[in-house]
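# Topology and contacts: notes
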Amino acid sequence: MIELAPGLTHVPNYLDRAQQQAMVDDVRAVVRAAPLFVPTMPRTGKPFSVRMTNCGTLGWVSDRGGYRYQPHHPATGQPWSPIPSTVMRAWRDLAACAVEPEACLVNFYDREARMGLHRDADEQALDAPVISLSLGDDCLFRFGGLERNGPTKSIRLQSGDAVVIGGASRLCYHGVDRLYPGTSTLLAGEGRINLTLRRIAQTG
Ligand code: MD3
Ligand code: FE
């Protein structure tokens, strides 16, 4: 475990190869039930380069109307499928949180995809951590502090790595600058899957 900043922990190789494979199989079933969609930016309608879907009782979506969590897929109108047990296990193991996550956002990066510097602030439960799991190709992940224009550091995330984002780092700026296509043989082709587990509703 590497403490990148207070509350921000990198767990390299958290999942072994067999666990990663099992999780990919579960993610494929999630994507069959809830196809990847292209979110668009609030106001401008500019498409994201990352494609997304969700599982859990709530899923994160973005369109011209804004960012929000909702109980159904934006295109099919179907409820999201449950978070697979392989993924829930990571929350129970890493989150140190008595309550369960409502949302698991599934991000799919192709070789061109990026995620600009942003904060995850659409959740009410800011006392709960966000758990991130990486599958497939390596990426260059960047994180900073609580201010957009502050200094940042970069680390390479690899398949099987977990990141726990909590405490003083819960509202840190972060993003994905680039993929390293072809660095993993986990997926059938190039690309990276990132799962983020989130608690949305405040309890107590
Ligand atoms: C650091 N995803 O979905 S996960 C996102 O790899 C998102 O797909 C990235 O940012 C990805 O919102 C990064 C790791 C992560 C997630 C949330 C954080 C790092 C974080 C919140 C605060 C600081
Ligand atoms: Fe984020």
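Residues numbered from 1 in each chain as written. Chains lettered and ligands numbered in written order. Predicted model: local features only at pLDDT ≥ 70, side-chain atom pairs only at ≥ 80, totals over all residues. Heavy atoms only, no water.

Within the structure, ligand 1 sits among 18 residues, and Asn 107, Tyr 109, Ile 165, His 174 and Arg 192 are positioned closest to it. Between ligand 1 and the protein, one listed contact pairs an oxygen atom with a side-chain N or O atom of Asn 107 at 2.9 Å. In the model, an oxygen atom of ligand 1 is placed 2.5 Å from a nitrogen or oxygen of the Tyr 109 side chain. For ligand 1, whose free accessible area comes to 510 Å², the fraction covered by protein is 98%. At the level of elements, β6 (103-109), β7 (115-118), β12 (174-180) and β13 (192-198) are the ones that each hand at least two residues to the shell around ligand 1. Partitioning the shell around ligand 1 into residue classes produces seven nonpolar, seven polar and four charged. (Near = heavy atom within 4 Å. Polar contact = N/O pair within 3.5 Å; in protein donor to acceptor, adjacent residues only side chain to side chain. Areas by Shrake-Rupley, 256 points an atom, 1.4 Å probe, with all protein chains shown as cover. Helix = DSSP H or I, 4+ residues; strand = E, 2+ residues; numbered from the N terminus. Nonpolar A, V, L, I, M, F, W, Y, C, P; charged D, E, K, R; others polar.)

Protein coordination of the iron ion (ligand 2) is provided by His 118 (NE2), Asp 120 (OD) and His 174 (NE2), with donor distances spanning 2.0 to 2.2 Å. Written as a sequence motif, the donor arrangement for the iron ion (ligand 2) is H-x1-D-x53-H. A residue pair is termed long-range when its members are at least 10 positions apart, and Asp 120 in the loop between β7 and β8 (130-136) and His 174 in strand β12 qualify at 54 residues. (Donors = N, O, S within 2.8 Å, 3.2 Å for Na, K, Ca; no water.)

With that settled, the discussion passes to the sheet that holds strand β9 (residues 138-143). Hydrogen bonds between backbone groups are what pair the strands of a sheet, and the pairing can be parallel or antiparallel. Here we have four strands laid out as an open sheet, ordered β7-β12-β9-β10, and antiparallel in their pairing. Each end of this open sheet is capped by a strand with a single partner; those strands are β7 and β10 (153-157). Here the average twist between neighbouring strands, direction ignored, is 25°. Relative to β12, β9 runs antiparallel, the two sharing six bridges. Among the inter-strand pairings, Arg 142 is bridged to a residue of β12, identified as Gly 175. (Pairing = 2+ DSSP bridges. Axes fitted to C-alpha atoms, helices over the stretch in contact; angles between N-to-C directions.)

Now for helix α2 (residues 85-94). Helical periodicity: at 3.6 residues per turn, an α-helix aligns residues three or four positions apart in one direction. If you check which residues of α2 are buried, you get Val 87, Met 88, Ala 90, Trp 91 and Leu 94. One side of α2 carries all its buried residues, which in axial view fall inside an arc of 150°. Facing away from the buried surface of α2 by more than 90 degrees, the exposed residues are Ser 85, Arg 89 and Arg 92. Residues of α2 that are buried make contact with β2 (8-11), α1 (17-33), β6, β8, β11 (162-165) and β13. Ala 96, located one to two residues past α2, shows a positive phi value of around 50°. (Buried < 20%, exposed > 50% of the residue type's maximum accessible area, 1.4 Å probe, protein only. Arc of directions from axis to C-beta. Contact = heavy atoms within 4.5 Å.)

This part is about the pattern of salt bridges. All told, the structure shown has nine salt bridges when counted by the stated rule. When the shortest N-O distance is used, the salt bridge between Arg 198 and Asp 120 registers 3.0 Å. With Arg 198 in strand β13 and Asp 120 in the loop between β7 and β8, this residue pair connects regions lying 78 residues apart in the sequence. Exposure remark for Arg 198: the relative accessible area of 6% places this residue in the buried category. Since its relative accessible area comes to 10%, Asp 120 is described here as buried. In this structure, Asp 177 engages Arg 142 in a salt bridge whose closest nitrogen and oxygen atoms are separated by 2.8 Å. (Salt bridge = Lys/Arg side-chain N within 4 Å of Asp/Glu carboxyl O.)

Function cannot be inferred from these measures alone, as they are strictly geometric.
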